[in-house]
Amino acid sequence: PTQPLFTPAMSPQEGTSAATALFRETFGGEPDGVWYAPGRVNIIGEHTDYNGGLALPIALPHRAHLALRRRQDRTVRLVSPQTRQQVDVTDLDTIGPKGTPGEVRQWAAYVAGVAWALEREGFAGLPGFDAALVSCVPLGGGLSSSAALECSAAVAIDEVAGLGLAGSADSPDDAGRARLVQVCVRAENEMAGAPTGGMDQSASLRCLPGHALELDCRDGSVAHVPFDLAAQELALLVIDTKAKHSLVDGQYGQRRAACEQAANLLGVELLADVAVQDLDEALERLRAAASGSQGSTSAAGADTLEPDVLVRRTRHVVTEIDRTHQLVGLLQDGRPLAGDKLAAAGALMDASHESLRVDYECTCPELDTAVEAARSAGAHGARMTGGGFGGSAIALVDAARVHDVAAAVTDAYARAGFTPPAFLDAVPSAPAGRLA
Ligand code: ADP
Ligand code: MG
């Protein structure tokens, strides 16, 4: 059997020295400081954010580290080893959204875009800066390396420009951080051109160590739910499938469009408005309304989807929000996560995966194989996490079994002829802040 491949998190010391060293060799002199922001993994509540529902992410110990120094002018210079150490140079006076002459190429959009968005949100006249990025969040693995990047830039700029939104590490300012979430979402949507909701940025800026973040995506309100796995001899194993599916792009937009159509036909603003106890009745109504409007074209110019497709997409969203409620309830009851309670939590994760596989149709063979192999090897529950069609899965396992479960998944991948997966130990960690 092959050894499972683990992606370790850099320690704060490692992250600080690597980012500082890259800064010195690229720009000369010392940075003003090193700031960091974590990637995230969502425990449950998938494809609920744009429906106004609940999500339950944790911050990973894997972080983007950004060594940054304020400049006297409005130039922005950026370097990352992942981009072959080429320095990207932009200027805050000329940058603009994707598709305009000022658009910023590739990853620089996530960093310069935060300054751009801050200026549009009322903080005009920001200084330029030089910054070196060292990140150990896997790129494009569904663990939100993009939000880690944006949020590290947000807390760094917040401090060097004296905006005072993030608060200190000891007393984070949650209201200020909620504003920074909006800024980072705007940078990702408009500068990088990725139509994502606010879950990733909320997790990176607003989580607490040892806790999951109950995020109500309708109004951005949060609650911190105890999730201290180590204390209960449990671990959350992340399985990065390494699967890249060319279908992905259009699929995310199609799922969003289906939810909007279903909400319209049901006469609600968001699918989160459908209560789970009214689901059967709502699905009957939806089926009738969708059959009636088959062949017609909506105001947005999209054809009405098959009634059966709309019914299944809606059933996933409404039951997933309910499962998230149930898991939050379990985690908050004060009893240890063991015995029946652990079995119930695992069952909710399993049910989430089934719903995403059958009703939302956003898994793939690599995700399904990871989940099945983890369960057979003794995971209490397992599911895909993130947008799907590739990316990552998670498994709730006994801490002592982490290596065995990872080995079993690796073997299953070898048998199926898939690229070997990578693994992360997802200890619920601290939100974005300053390291040095
Ligand atoms: P995810 O957020 O799931 O990792 P995304 O496609 O949203 O996937 O974001 C990945 C993009 O973020 C990369 O293509 C790159 O532009 C940028 N990025 C993230 N981390 C880094 C890094 N360390 N160096 C350079 N670019 C990065
Ligand atoms: Mg992302």
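Described in the following lines is the structure provided in the data block. (Residues numbered from 1 in each chain as written. Chains lettered and ligands numbered in written order. Predicted model: local features only at pLDDT ≥ 70, side-chain atom pairs only at ≥ 80, totals over all residues. Heavy atoms only, no water.)

### Overview of helix α2 (residues 108-120)
Right, on to step 1. Given a rise of 1.5 Å per residue, 13 residues ought to cover 18 Å, and the 18 Å separating the end C-alpha atoms of α2 matches this to within 8%.
Right, on to step 2. Of all the bends found along α2, the most pronounced is centred on Val114 and spans about 30 degrees.
Right, on to step 3. Elements in contact with the buried residues of α2: β5 (75-79), β6 (88-91), β7 (129-135), α3 (145-160) and α4 (174-191).
Right, on to step 4. Looking one or two residues beyond α2, the residue adopting positive phi is Gly122, at roughly 105 degrees. (Helix = DSSP H or I, 4+ residues; strand = E, 2+ residues; numbered from the N terminus. Expected span 1.5 Å × (residues − 1). Bend = angle between axes of the 7 residues up to and from the residue. Contact = heavy atoms within 4.5 Å.)

### Notes on the pattern of salt bridges
A side chain of one charge can pair with a side chain of the opposite charge when the charged atoms of the two come close.
Right, on to step 1. All chains considered together, the criterion is met by 27 salt bridges.
Right, on to step 2. For the salt bridge of Arg312 with Glu361, the shortest nitrogen-to-oxygen distance reads 3.1 Å. Placement of the pair is Arg312 in helix α8 (residues 307-332) and Glu361 in the loop between α9 (339-358) and α10 (365-376), with a sequence separation of 49 residues.
Right, on to step 3. A salt bridge links Glu320 to Arg323; the nearest nitrogen and oxygen atoms lie 2.9 Å apart. Residue Glu320 and its partner Arg323 are located together in helix α8, separated by three residues, close to a single helical turn.
Right, on to step 4. On the basis of relative accessibility, which here comes to 0%, the residue Glu320 falls in the buried class.
Right, on to step 5. Of the residues examined, Arg323 reaches a relative accessible area of 9% and is grouped as buried. (Salt bridge = Lys/Arg side-chain N within 4 Å of Asp/Glu carboxyl O. Buried < 20%, exposed > 50% of the residue type's maximum accessible area, 1.4 Å probe, protein only.)

### Some remarks on the environment of Ala212
Right, on to step 1. By the element assignment, Ala212 lies in strand β8 (residues 211-216).
Right, on to step 2. Residue Ala212 is classed as buried on the basis of its relative accessible area, which comes to 1%.
Right, on to step 3. Between the C-alpha atoms of Ala212 and Ala59, which are 153 residues apart in sequence, the distance is 7.9 Å.
Right, on to step 4. The residues contacting Ala212, other than those within four sequence positions of it, are Ile43, Leu56, Pro57, Ile58, Ala223, His224, Val225 and Phe227.

### Re the site of ligand 1
Right, on to step 1. Of all residues adjacent to ligand 1, which total 17 residues, the nearest are Ser80, Gly140, Gly142, Ser145 and Ser146.
Right, on to step 2. A distance of 2.8 Å separates a nitrogen atom of ligand 1 from a polar side-chain atom of Ser80.
Right, on to step 3. Here an oxygen atom of ligand 1 and a backbone polar atom of Gly142 are 3.1 Å apart.
Right, on to step 4. For ligand 1, the accessible surface in isolation is 570 Å², of which the surrounding protein chains cover 78%.
Right, on to step 5. It is α3 that contributes the most residues to the shell around ligand 1, three residues altogether.
Right, on to step 6. Considering only residue class, the shell around ligand 1 consists of seven nonpolar, ten polar and no charged. (Near = heavy atom within 4 Å. Polar contact = N/O pair within 3.5 Å; in protein donor to acceptor, adjacent residues only side chain to side chain. Areas by Shrake-Rupley, 256 points an atom, 1.4 Å probe, with all protein chains shown as cover. Nonpolar A, V, L, I, M, F, W, Y, C, P; charged D, E, K, R; others polar.)

### Some details on the nonpolar core
Right, on to step 1. In terms of nonpolar packing, the biggest core is built from 76 residues, with Leu118 and Leu236 touching the most fellow members.
Right, on to step 2. Sorting elements by how many residues they give to this core places α2 first, with ten residues.
Right, on to step 3. With residues near it in sequence (within four places) discarded, Leu118 still touches Phe123, Leu126, Ile157, Leu163, Leu165, Leu180 and Val183.
Right, on to step 4. Residues Leu237, Ala263, Ala382 and Phe389 belong to the second largest nonpolar core, which totals 45 residues. (Core = buried A, V, L, I, M, F, W, Y, C linked by side-chain atoms within 4.5 Å.)

### Examining the pairing of β5
Right, on to step 1. Along β5, four of the five residues are buried, which leaves the element largely enclosed by surrounding structure.
Right, on to step 2. Examined bridge by bridge, β5 and β6 share four bridges and lie antiparallel to one another. By the bridge assignment for β6, Arg77 is matched with Val89.
Right, on to step 3. Strand direction decides the pairing type here: β5 and β7, joined by four bridges, are parallel. Each residue of the ladder has a partner; that of Val76, found in β7, is Phe129. (Pairing = 2+ DSSP bridges.)

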